[in-house]
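# Architecture at a glance
Each chain is listed here by its residues.
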Amino acid sequence: MSTGGAESAAAEAMASEAYLAGDAVREARELVAELCRHFYLQGWVTGTGGSITVKANDPDVPLAQQLIVMSPSGVQKERMVAEDMYVMSAEGKVISAPVAKPWPHKHPKCSDCAPLFMKSYLMRGAGAVIHSHGMETCIATMINPGAKEFRMTHMEMIKGIKGHGYTDELVIPIIENTPYEYELTDSLAEAIAAYPKATAVLVRNHGIYVWGDSWINAKTQAECYHYLFDAAIKMYQLGIDWTTPEHGPINSAKRLRSVASPGVPNGCHTAKSSKHCVVLDIEGTTTPISFVTDVMFPYARDNVRKHLTSTYESEETKEDIKLLRIQIEEDLRTGVVGAAPVAPDYAGKEEVISSLVANVEAMIKADRKITSLKQLQGHIWRTGFERKELQGVVFEDVPEALKNWQSQGMKVYIYSSGSREAQRLLFGHTSYGDLRQFLCGFFDTTTGNKREARSYFEISQSLGVDNPSQILFITDVLQEAVAAKSAGFEVIISIRPGNAPLPANHGFRTISSFSEI
C-alpha cells in the first residue's frame with residue numbers, strides 16, 4: 001500500500017507540474033499582460049497602480065483548485081510580458097515567481113492586493129479579479145464623503161452588472177482607505193459578506209475591486225462600473241440626480257450638504273422641520289404582523305421547492321444556494337437547531353434541493369434574521385407579486401402619512417429585517433397603489449442587526465443629518481427602540497393589533513396610528 005501511495009503522490013506531482021507548464025497557465029500569463037496594457041490605456045493602472053489576476057482555466061481542474069496568475073506590484077503595467085507574472089496555488093501560495101530584471105527595474109514583488117484578491121476568490125468563487133485606480137472610482141466615493149454605499153438606478157449600463165437590470169438599484173459598498181493595501185483585507189471581506197449581490201467594492205479615495213466568474217465577465221463589469229461612475233460624476237456636475245428613476249434635478253440644499261457633511265443622495269426634498277428623516281419598521285409598524293406571519297412567510301415556505309426547482313440553473317439561484325450553503329455550514333459548526341448538511345452537487349439536483357428545503361423550512365420556523373434566507377425569500381415573493389398571488393398590506397393611516405411627510409419635505413426610509421427587494425415589492429404592490437414614490441430608500445440586515453446601536457449609527461451616517469436626533473425611528477420592538485435611542489435617534493413605539501405587549505415603564509412614547517405624530 002505504501003508503494004501505491006507513493007506512486008499516487010508522484011502522479012499528482014507530475015499532473016501539477018504539467019498544469020503549471022501547460023497551455024492554461026501560459027495563456028493566462030499572456031492574457032494578464034495583455035489586459036494590463038489595455039487597462040493602462042484606459043487610465044486604470046497608471047503609475048504602476050492597480051493589478052489584475054485570473055485563474056488559469058483548465059477544464060480538467062475544478063475552478064476552486066485552479067492556479068492563479070497575478071500581475072506583480074510596483075511595475076510598469078504597460079510594459080509587462082507573460083514572464084513577469086506570479087503563479088499562485090488556489091490557497092494563495094506562490095509557486096512560481098518572475099525573475100528579476102536589471103536596473104532600473106525594481107525587483108519583482110507579489111502584489112499587495114494578493115490577500116484582497118484571495119478573499120474574492122474564496123468568498124465568491126471568482127474566476128478573475130480586477131483592481132483599478134481609475135479616476136472615476138475615486139471621485140465617485142468623494143461626492144458624498146460619509147456615504148457607505150454608491151447607489152444608482154435606471155441607467156442602461158447597469159444591465160452589464162451581474163444580477164442587475166435597467167430598473168434595479170445598483171448598490172456598491174464603500175470601505176475606507178488605509179495606508180497599506182493589505183490592511184484593507186478585513187473590511188473588504190466584511191463588505192463582500194454584507195452585500196451578497198455586489199460584484200465590486202469601492203475603496204474611498206483609492207479605487208475599486210471587481211470580480212467575475214471569468215476574465216471576460218470581470219472585464220465587462222469593470223468597464224460598466226467605470227462608465228457608470230463617470231456618468232454619475234457628470235450628472236452631479238449638471239445638477240442631475242443619478243440615484244432616482246426620473247433623474248430629476250438635485251435639490252440645491254442637498255448638493256451643498258453632500259459637500260459639507262456626510263450623506264447618501266436619495267432624490268428626495270430637503271427637510272424643513274427639525275426632524276429631517278423618518279425611518280420606519282415594517283412588521284407591526286406599517287404592516288400587520290399577521291400579514292407577514294400568516295401570508296408572506298407561509299408563501300415563501302410553501303414555494304421554496306417549486307422556486308428552486310424552476311430556477312435551479314439561473315445565476316441568481318446559484319448565488320442564493322451558495323449563500324445558503326455558507327450559512328448552513330456555519331450553523332452546523334455552531335450547533336444551530338434544525339441545521340442539516342446540504343447534499344453535494346454531484347448527488348443531483350433533487351437531493352440538493354431537498355436538503356436545502358429542509359434547512360430553509362427550519363430557518364423560517366425559527367424566524368431567522370439572516371441575509372441568505374431573506375434574499376431567497378425576496379426572490380420567491382417577487383414571483384408571487386408578479387403573478388398577483390401576493391398583494392402588499394399596510395395600515396390605512398400609512399399612505400396618508402407618507403404623503404404628508406413628503407409634502408413637508410421629510411425624507412422617509414424603511415429599515416426592516418426583510419431584504420431590500422422584499423421591501424420594495426411590498427410597498428410597490430399595495431391596495432393603495434405603488435407607495436415607493438413616497439420612500440427615499442431601504443435599509444436591511446446588510447446594514448446591521450436591528451437590535452444593535454451600531455446599525456442605527458450607520459444609518460445616521462448614510463442619511464447625512466447634522467445630528468442623529470433629527471431622525472425619527474418608529475418600531476414595535478422594544479429592543480430596536482432601545483438600540484436606536486442609544487444611537488441618538490428620536491424613537492416612537494407603534495402599538496398595533498397583534499403586536500407584543502410592552503413592559504411597564506418602558507420610557508418611550510407610543511402611538512396607535514401615524515396620524516398621531
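These numbers were taken from a predicted model, which means no experiment stands behind them. (Residues numbered from 1 in each chain as written. Predicted model: local features only at pLDDT ≥ 70, side-chain atom pairs only at ≥ 80, totals over all residues. Heavy atoms only, no water.)

Contact pair helix 9 (residues 315-334) / helix 10 (residues 349-365): the axes reach a minimum separation of 11 Å and the direction vectors enclose 65°. Here helix 9 and helix 10 pass one another in a crossing that is left-handed. When helix 9 is examined against helix 10, the residues Ile321, Leu324, Arg325, Gln327, Ile328 and Asp331 are found in contact with a partner set consisting of Val352, Leu356, Asn359, Val360 and Met363. Looking at the contact of helix 9 with helix 10 residue by residue, the class counts come to seven nonpolar, two polar and two charged. (Axes fitted to C-alpha atoms, helices over the stretch in contact; angles between N-to-C directions. Helix = DSSP H or I, 4+ residues; strand = E, 2+ residues; numbered from the N terminus. Left-handed = near helix turned anticlockwise from the far one by under 90°. Contact = heavy atoms within 4.5 Å. Nonpolar A, V, L, I, M, F, W, Y, C, P; charged D, E, K, R; others polar.)

Among the secondary structure elements, His206 is positioned in the loop between strand 8 (200-203) and strand 9 (207-212). Residues His206 and Gly134 lie 72 residues apart in sequence; the distance between their C-alpha atoms is 8.6 Å. Sequence-distant contacts of His206, defined by excluding residues within four places in its chain, comprise His131, Ser132, His133, Thr137, Cys138, Asn177, Glu181 and Leu184.

Pairing is mixed across the open sheet formed by nine strands, whose spatial order is 4-3-2-1-5-9-8-7-6. Either end of the sheet is taken by a strand with one partner, and the two such strands are strand 4 (94-96) and strand 6 (149-153). If you compare each strand with its neighbour and ignore which way they point, the axes differ by 25° on average. Where strand 6 lies against strand 7 (residues 169-175), five bridges are found, and the strand directions are antiparallel. Opposite Met152, over in strand 7, you have Leu170 as the bridge partner. Helix 2 (residues 23-42) rests against strand 1 (51-55), strand 2 (68-70), strand 3 (86-88), strand 4 and strand 5 (128-132) of the sheet, and its axis sits at about 150° to strand 1. (Pairing = 2+ DSSP bridges.)

Before going further, it helps to examine the UniProt feature "binding site: substrate 2" (unreviewed entry) in the protein. Per the UniProt annotation, the sites labelled "binding site: substrate 2" (unreviewed entry) are Ser416, Ser417 and Lys450. These annotated residues cover 35 residues of sequence, but their C-alpha atoms sit close together, with the largest distance between any two at 7.8 Å. Counting through the fold element by element, Ser416 comes out in the loop between strand 11 (411-415) and helix 13 (420-428). When its relative accessible area of 8% is taken as the criterion, Ser416 is described as buried. Setting aside anything within four residues of it in sequence, one finds Ser416 in contact with Ile282, Gln423, Phe443, Asp444, Thr445 and Lys450. (UniProt positions renumbered as here; feature names shortened; annotations may be inferred. Buried < 20%, exposed > 50% of the residue type's maximum accessible area, 1.4 Å probe, protein only.)

Further remarks concern helix 6 (residues 215-237). At 3.6 residues per turn, the α-helix brings residues three or four places apart onto the same side. If you check helix 6, its first and last C-alpha atoms are 33 Å apart, about what 23 residues at 1.5 Å a residue would give, namely 33 Å. Phi for Gly239, located one or two positions after helix 6, is positive at around 80°. (Expected span 1.5 Å × (residues − 1).)

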